[in-house]
Amino acid sequence: MTLELHAQRQPEAARATPLFKAAAAIAWKDLRTELRSKETISAMLVFALVAIMIFSFALELDRTGREASAAGILWVTLVFAGSLGLGRSLGREKDQHCLDGLLLAPIDRSALYFGKLAGNALFMAVVAVVLLPIMTILFDVSFFRPLVPLVVLMGIVGYAGVGTLIASMSIYARGGEVMLPILLLPIALSILIPAVRATRGLLEMVPFAELSTWFNLLLGTNVIYIVLAYMLFGFVVEE
Amino acid sequence: MSATVVEGSPATTVTTHRPPLALTVLTVFTALMLLAASYMAFLYAPTELTMGAVQRIFYFHVGAAWAGALAFLVTVVAGVAYLITGKRSWDIVGFSSVEVGLALVTITLASGPVWAQFAWGKPWTWDPKLTAAAVMWLSYAAYLMLRQGIEDQRRQARFGAVYGIVAFASVMVTYVGVRFITATIHPAVVGPSASTGQGDFGMAPRIRNAMIFSFLTFTFVFATLLWHRIRLAHLTDRVALLKARLLSRLG
C-alpha cells in the first residue's frame, strides 16, 4: 500500500545515526512497549512453564533419565517460547504499519535488524532466567553450573539472530504465525544441536576440554548466521 | 497484476511451444542413461560381499543425494544472482531447482532406511549425514510453503532467494559441523571413510564404475528435469501474461 513511501530511499548523508545507537534505540523501543503491555513476555513465560510441566508429567523420568534429557527439554522449551516472541516482535510492527515508519527513519537497515535481534534475545533471556531455577527444582538437576549461562546466552543470540531474519519474512506469508516455526526450526537445528550437546555435557560434569568443540561449533554457527542475516536483511524489508 | 503489456508478440499470433530440439535430445539421452544405470546397478556390478544385494540401493541413493545437493547449490547461486540483478528468470531457476532437488532428496531419504534396516538393523539414526539430509528435506519443503504463502511475485522471489541461501548454510553447518565432531557410522561412499564406520568397503572396479556412472546419470537427470521445470515456469508466466492481456481487452 505505501509503495511510494518506500520508494523514496533516504539519501546516504541523511543516515546520520550511528548503527549502534540506532539499534539500541530500536531495542529500547521494543523493551518499553513490552514493559507497558507485557503481552509478549507473559505469553512466552506462561507457555514455557506449561511446556515444562507437560514434559515433567509426560516423561516421568528417573534420576539418570532426567539428567540426560533436562538439557534437551530446556532448549525445546526455550526455542518454542522464543518463536512466540519472534512472531509477535515483527508481526506487531507489520500489523500497525510501524515497519513503514521504521524503514523511513534515517537509519541503516541493519540497525533495524540488530535492534530487533537484541530485543528478541533479551526476551528469551528473561524466559531462560525464570526457567533455569524452576527446572532445577522440577527436574532435580542443577543448572547452576559454570558456563551454563554462557551456552544459554550463545544459543539464544544465535537463535534470535536467524529467527529475526526468518520472522521478518514469515509475517508476510499467509498464516504467518503457523509459518514461522516451519521455516525457522529446520534452520535453527544447527544451533540447537551444539547448544543441547554442550548444555548436556555441562550438566553431566563432562570436562570442558571435551566440550570445547561444541562451543566452537555454536560460536561458528552464530557468526555465520548473524553475518548472513546482516547481509540479507536489507533485501527482506526492501520495497 | 499489471495489465499493460508492452513486450512480447501480439496475442493473436499463434505460436506453438514445442520444446527445443536440444531439450528433446537431452531427455531421450537421460532416459537411456537411466536404463544403462539400472543395468549397471542390477546386473553389471557384482553383489557386494558383506552387505549383499541390498547394497545395490547405493547406486541410486548416493546419486540422488549428490544431485539433490547440487540442486540446492544451484538455488543458492540463482538466489544471489536474483538479489543482484532482480531478474525473474533467476528466480525461476531458483525455485525450479528446489522442486527438482526436493524430489531427488526424497529418493535418497526413502531408499536409505531400506538399506539401513539391513545393514544397521534399524531404519534411522541421528547420524550427521542423516540429520543433514532430514534438515535439507524439511528446509526446502518449508521454502516451497513460504513461497506459496506470499502473493506478491517480487516479494516471493526475494524471500525465496534469501531463504534458499540461509537453508543451504544451515545444511552445510549441520553436515560439516556435526561431522567433524562426532564419528559418523554412515559409510563414506566417496572419499575416506571414518575409521569407526561400519560399512567401510573397498570398491571393486565394477562397483566403482557403476557408482561413477550413477553419479553422472543423476547429474543428467537433474539437468533435464531442471530445464523442463524452467521451461514450464516460463510458459506459465506467458499464460498469465496472455490472460491478463485478454482480460484487459475484454474489460
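**Digging into the overall build of chain A**
For chain A, the count of helices and strands is nine helices and zero strands. Reading the helices (α) and strands (β) of chain A from amino to carboxyl end gives α-α-α-α-α-α-α-α-α. If you line up chain A on its principal axes, its C-alpha atoms span 60 × 35 × 30 Å. When each of the 239 residues of chain A is scored for burial, the buried share is 45%.

**Section: the interface of chain A and chain B**
Listed by partner, the interface residues are 25 residues for chain A and 24 residues for chain B. Secondary structure elements with two or more residues in the side of chain A that touches chain B: helix H7 (148-170), helix H8 (176-203) and helix H9 (208-237) of chain A. Per-element tally for the side of chain A that touches chain B: the top contributor is H9 of chain A, with nine residues. Among the residues making up the side of chain A that touches chain B, the classes are represented as 19 nonpolar, four polar and two charged.

**What to know about the packing of helix H1 (residues 21-44) of chain B against helix H6 (residues 205-250) of chain B**
Residue and element names in this part refer to chain B. Contact geometry for H1 and H6: axes closest at 9 Å, N-to-C directions at 155°. If you check the angle between H1 and H6, you find them roughly antiparallel. When you trace H1 past H6, the crossing you get is left-handed. Facing Leu23, Leu26, Thr27, Thr30, Met33, Leu34, Ala37, Met40, Ala41 and Tyr44 of H1, the residues of H6 in contact are Arg206, Ala210, Phe213, Ser214, Thr217, Phe220, Val221, Thr224 and Trp227. Looking at the contact of H1 with H6 residue by residue, the class counts come to 13 nonpolar, five polar and one charged.

**A few points about the confidence of the model for chain B**
Residues and elements named next belong to chain B. For chain B, per-residue confidence averages 84 on the pLDDT scale, and residues scoring 70 or more make up 84% of the total. A low-confidence stretch, residues 1-12 stays under pLDDT 50, and its non-local contacts, those more than four residues away or across chains, total eleven contacts. Low pLDDT, under 50, characterises residues 192-200; the stretch is placed with 17 contacts to residues that sit more than four places away or in other chains.

**Some thoughts on the packing of helix H3 (residues 88-119) of chain B against helix H4 (residues 128-148) of chain B**
Residues and elements named next belong to chain B. The geometry of H3 relative to H4 is characterised by a closest axis approach of 10 Å and an angle of 145° between their N-to-C directions. Two packed elements cross with a definite hand, and for H3 against H4 that hand is left-handed. Each of Phe95, Val98, Gly101, Leu102, Val105, Thr106, Thr108 and Leu109 in H3 lies in contact with H4, whose residues at this interface are Ala133, Met136, Trp137, Tyr140, Ala141, Tyr143, Leu144 and Arg147.

**Focus on H8 of chain A**
Residue and element names in this part refer to chain A. Residue leucine 189 marks the point of greatest curvature in H8, where the axis turns by about 45°. Counting buried positions over the 28 residues of H8 gives 21, a clear majority of the element. Positive phi shows up at methionine 205, right after H8, with a value of about 60°.

So, how was this worked out
- Residues numbered from 1 in each chain as written.
- Chains lettered and ligands numbered in written order.
- Predicted model: local features only at pLDDT ≥ 70, side-chain atom pairs only at ≥ 80, totals over all residues.
- Helix = DSSP H or I, 4+ residues; strand = E, 2+ residues; numbered from the N terminus.
- Buried ≥ 20, exposed ≤ 12 C-beta atoms within 10 Å, placed from the backbone.
- Contact = placed C-beta atoms within 7 Å.
- Nonpolar A, V, L, I, M, F, W, Y, C, P; charged D, E, K, R; others polar.
- Axes fitted to C-alpha atoms, helices over the stretch in contact; angles between N-to-C directions.
- Parallel < 35°, antiparallel > 145°, perpendicular 65-115°, else oblique.
- Left-handed = near helix turned anticlockwise from the far one by under 90°.
- pLDDT = per-residue confidence, 0-100.
- Bend = angle between axes of the 7 residues up to and from the residue.

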